[in-house]
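Here is how the chains run, residue by residue.
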Amino acid sequence: MIAWLGYRTPGTISPELLTPGAADRAAPELRRFVETLAHAAPGAEISLIGHSYGTVVCARAAAGLPVAAIVLTGSPGTGYDHVSGLRTTASVWAGRGSSDWIGRVPHGSIPLAVTTLGLGADPMAPEFGAHTFAAGAGGHSDYLAPGSTALRAIARIVAGGAV
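A short tour of the structure in this document, coming up. Just so it is clear, the model here is predicted, and its values are computed rather than measured.

## Details of the pattern of salt bridges
Okay, step 1: Considering all chains together, one arrives at four salt bridges under this definition.
Okay, step 2: Between Arg-60 and Asp-24 there is a salt bridge; the shortest N-O distance is 2.6 Å. Linking Arg-60 in helix α2 (residues 53-61) with Asp-24 in helix α1 (residues 21-40), this pair joins segments that are 36 residues apart in sequence.
Okay, step 3: Using a relative accessible area of 38% as the deciding quantity, one classes Asp-24 as partly exposed.
Okay, step 4: As a salt-bridge pair, Arg-96 and Asp-122 come within 2.6 Å of each other at their nearest N and O atoms. A residue pair is termed long-range when its members are at least 10 positions apart, and Arg-96 in the loop between β3 (91-95) and β4 (108-111) and Asp-122 in the loop between β5 (116-120) and β6 (131-132) qualify at 26 residues.

Here is the structure:
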């Protein structure tokens, strides 16, 4: 497992958090990182696991990346209204803990003159089109907690198994 945080994340309380702008700026760096990793380890199966605003970054970088799975945890949206917007052949998964406050955040987007306000459809919604997985009762920071329901599901996804 490699953790990547190659961009300046939006502040917890900032207008930038309501737009895909920071993700659009970060996506090329994530793309370069994944492509370099794929070149360095030919034949390795790579999965992206994004959390919170990082799911927007993963979605914005997804098009054509050599990844087997994209896992969205605690996602406020991806900047797209349907999984097809990611333009990927990877399997796309979404999970949200039942105590995660992000589930109460409104989803949708409003195009404005210079940006789009909002992060699109809820990746957990059936109409978004992602596969969903049970993430247990955890909160917003609990997806990778040792022994958690979410971590076990993510491990099965990454290993290519059934969830």
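## Examining a nonpolar patch on the surface
Okay, step 1: A surface patch of nonpolar side chains, about 410 Å² in accessible area, is lined by Met-1, Ile-49, Leu-144 and Val-158.
Okay, step 2: Ile-49 sits in the partly exposed class, given a relative accessible area of 33%.

## Brief notes about unusual backbone geometry
Okay, step 1: Even without a glycine there, the phi angle at Ser-52 is positive, about 55°.
Okay, step 2: Note on placement: Ser-52 falls in the loop between β1 (47-51) and α2.
Okay, step 3: At Arg-87, a residue that is not glycine, the phi angle is positive and equals roughly 50°.
Okay, step 4: Within the secondary structure, Arg-87 sits in the loop between β2 (69-73) and β3.

Criteria and cut-off values
Residues numbered from 1 in each chain as written. Predicted model: local features only at pLDDT ≥ 70, side-chain atom pairs only at ≥ 80, totals over all residues. Heavy atoms only, no water. Salt bridge = Lys/Arg side-chain N within 4 Å of Asp/Glu carboxyl O. Helix = DSSP H or I, 4+ residues; strand = E, 2+ residues; numbered from the N terminus. Buried < 20%, exposed > 50% of the residue type's maximum accessible area, 1.4 Å probe, protein only. Patch = residues over 30% accessible without salt bridge, like charges linked within 9 Å, V, L, I, M, F, W, Y side chains within 5 Å. Areas by Shrake-Rupley, 256 points an atom, 1.4 Å probe, with all protein chains shown as cover.

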